[in-house]
Amino acid sequence: MWWYTALVLAVAGERIVELVVARRNARWSLERGGTETGRGHYPAMVVLHTGLLAGALAETALAGRQFVPAFGWTMVGVVVAAQGLRWWCVSTLGPRWNTRVIVVPGLPLVSGGPYRLLRHPNYVAVVAEGLALPLVHGAWVTAVVFTGLNAALLAVRIRCENTALAVAPAGARGATGATSGAPA
C-alpha cells in the first residue's frame, strides 16, 4: 500500500501547487478589477477535496481494501488523464485560471483548448479523479460519498459561475473560476 499512499500524497502535492497558482492568478484578476462571487461554497469545496484524499487512505487502511491489478491500473490511468485535463485547462486559461469565481471586466471568454469541446472541462477532471483515485485501491465508499457530495457542490458552483458571467456587464465576461469557457 505504500505506493498508493505515495500516489495520494502526489495528488495532494498537486493540489498545493494548484492553490499557489490560484492565489497568484486571483491577485492578477483582482488587480484588473475582477469581482469575486461564490465565496460561501468555497470552504465546503476545500473540506470535500481534503476529505477525498484522507478518506481514500483511511478506507484503504481501515477496511483492508485490496488492490485489484486490472481495475486498479485502469483507475491509475484515469487519475493521470484527469491531471492532464486539469493542467490543460490551467494552461489554456493562463492567469485567468483560479479555484475561485472571479470575473475580470473586458476579457472575452476563452474558447480554445478543452473549452472548444466542453463548457466545464475542469469539472470533468474533478469528477473523474474523485471516482478513480479512491477506486485505484478499492475505496469504493469514499468514491461514492465524494461523488454524491461533489455533484451537489458542483450544481451550486456551476450555477454560481454561470450567473456571474450572465450578470456581468457587456464586455466584462472574462475569467470565472476554473471554467471560463465559451458560452453554452
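Structural data are supplied above this passage.
What counts, and where the lines are drawn
- Residues numbered from 1 in each chain as written.
- Predicted model: local features only at pLDDT ≥ 70, side-chain atom pairs only at ≥ 80, totals over all residues.
- Heavy atoms only, no water.
- Helix = DSSP H or I, 4+ residues; strand = E, 2+ residues; numbered from the N terminus.
- Expected span 1.5 Å × (residues − 1).
- Buried < 20%, exposed > 50% of the residue type's maximum accessible area, 1.4 Å probe, protein only.
- Contact = heavy atoms within 4.5 Å.
- Salt bridge = Lys/Arg side-chain N within 4 Å of Asp/Glu carboxyl O.
- Patch = residues over 30% accessible without salt bridge, like charges linked within 9 Å, V, L, I, M, F, W, Y side chains within 5 Å.
- Areas by Shrake-Rupley, 256 points an atom, 1.4 Å probe, with all protein chains shown as cover.
- Phe/Tyr/Trp six-rings, centres within 6.5 Å; stacked < 30°, edge-to-face > 60°.
- Core = buried A, V, L, I, M, F, W, Y, C linked by side-chain atoms within 4.5 Å.

Visitor: Outline helix 2 (residues 42–62), supporting the account with residue identities and numerical values.
Guide: An ideal rise of 1.5 Å per residue puts 30 Å on 21 residues; helix 2 measures up with 29 Å between its terminal C-alpha atoms. Among the residues of helix 2, those classed as buried are Tyr42, Met45, Leu48, His49, Leu52, Leu53, Gly55, Ala56, Glu59 and Thr60. Next to the buried residues of helix 2 lie helix 1 (2–31), helix 4 (121–135) and helix 5 (140–167). Glycine 64, located one to two residues past helix 2, shows a positive phi value of around 65°.

Visitor: Quick rundown of the pattern of salt bridges? Include the residues and the values.
Guide: The final tally for this structure, using the stated rule, is 10 salt bridges. Here glutamate 18 makes a salt bridge to arginine 86, at a shortest N to O gap of 3.0 Å. Of this pair, glutamate 18 sits in helix 1 while arginine 86 is found in helix 3 (residues 69–93), placing the two residues 68 residues apart along the sequence. Judged by relative accessible area, which is 2%, arginine 86 ranks as buried. Between glutamate 36 and arginine 39 there is a salt bridge whose closest N-O contact spans 3.3 Å. Glutamate 36 sits in the buried class, given a relative accessible area of 18%. A single network of salt bridges, built from pairs that share partners, joins Glu14, Arg15, Glu18, Arg86 and Glu129.

Visitor: Lay out a nonpolar patch on the surface in plain terms, naming residues and giving numbers.
Guide: Residues Trp140, Val141, Val144, Val145 and Leu149 make up a contiguous nonpolar surface patch of about 470 Å² in total accessible area. Tracing the chain through its elements places tryptophan 140 in helix 5.

Visitor: Describe the packing of aromatic side chains, naming the residues involved and giving the relevant values.
Guide: What the rule picks out here adds up to 4 aromatic pairs. Ring geometry for tryptophan 3 and tyrosine 4: centres 6.2 Å apart, planes at 75°, overall edge-to-face. Assessed through its relative accessible area of 24%, tryptophan 3 is described here as partly exposed. Accessibility expressed as a relative area gives 0% for tyrosine 4, which makes it buried.

Visitor: Go over the environment of glycine 138 with me, naming the residues and quoting the values.
Guide: As for its placement among the helices and strands, glycine 138 is situated in the loop between helix 4 and helix 5. In sequence terms glycine 138 and phenylalanine 67 are 71 residues apart; their C-alpha atoms lie 6.3 Å from each other. Leaving out residues up to four positions away in the same chain, glycine 138 has contacts with Glu59, Arg65 and Gln66.

Visitor: Go over the side chain of asparagine 150, please, and point to the residues and values.
Guide: Note on placement: asparagine 150 falls in helix 5. Look at asparagine 150 and you get buried, because its relative accessible area is 3%. Setting aside chain neighbours within four positions, we find asparagine 150 in contact with Leu48, His49, Val126 and Val127.

Visitor: Which residues make up the nonpolar core, and what are the values?
Guide: If you look at the biggest cluster of nonpolar residues, it comprises 14 residues, and the most contacted ones within it are Tyr4, Leu7, Val79, Leu133 and Val136. Mapped by element, the contributors of at least two residues to this core are helix 1, helix 2, helix 3 and helix 4. The element that contributes the greatest number of residues to this core is helix 1, accounting for 4 residues. Ignoring anything within four residues of it in the chain, the contact list for valine 136 reads Trp3, Tyr4, Leu7, Phe67, Gly72, Met75, Val76 and Val79. Formed by 11 residues, the second largest nonpolar core is a distinct cluster that contains Ala82, Leu85, Trp97 and Tyr115.

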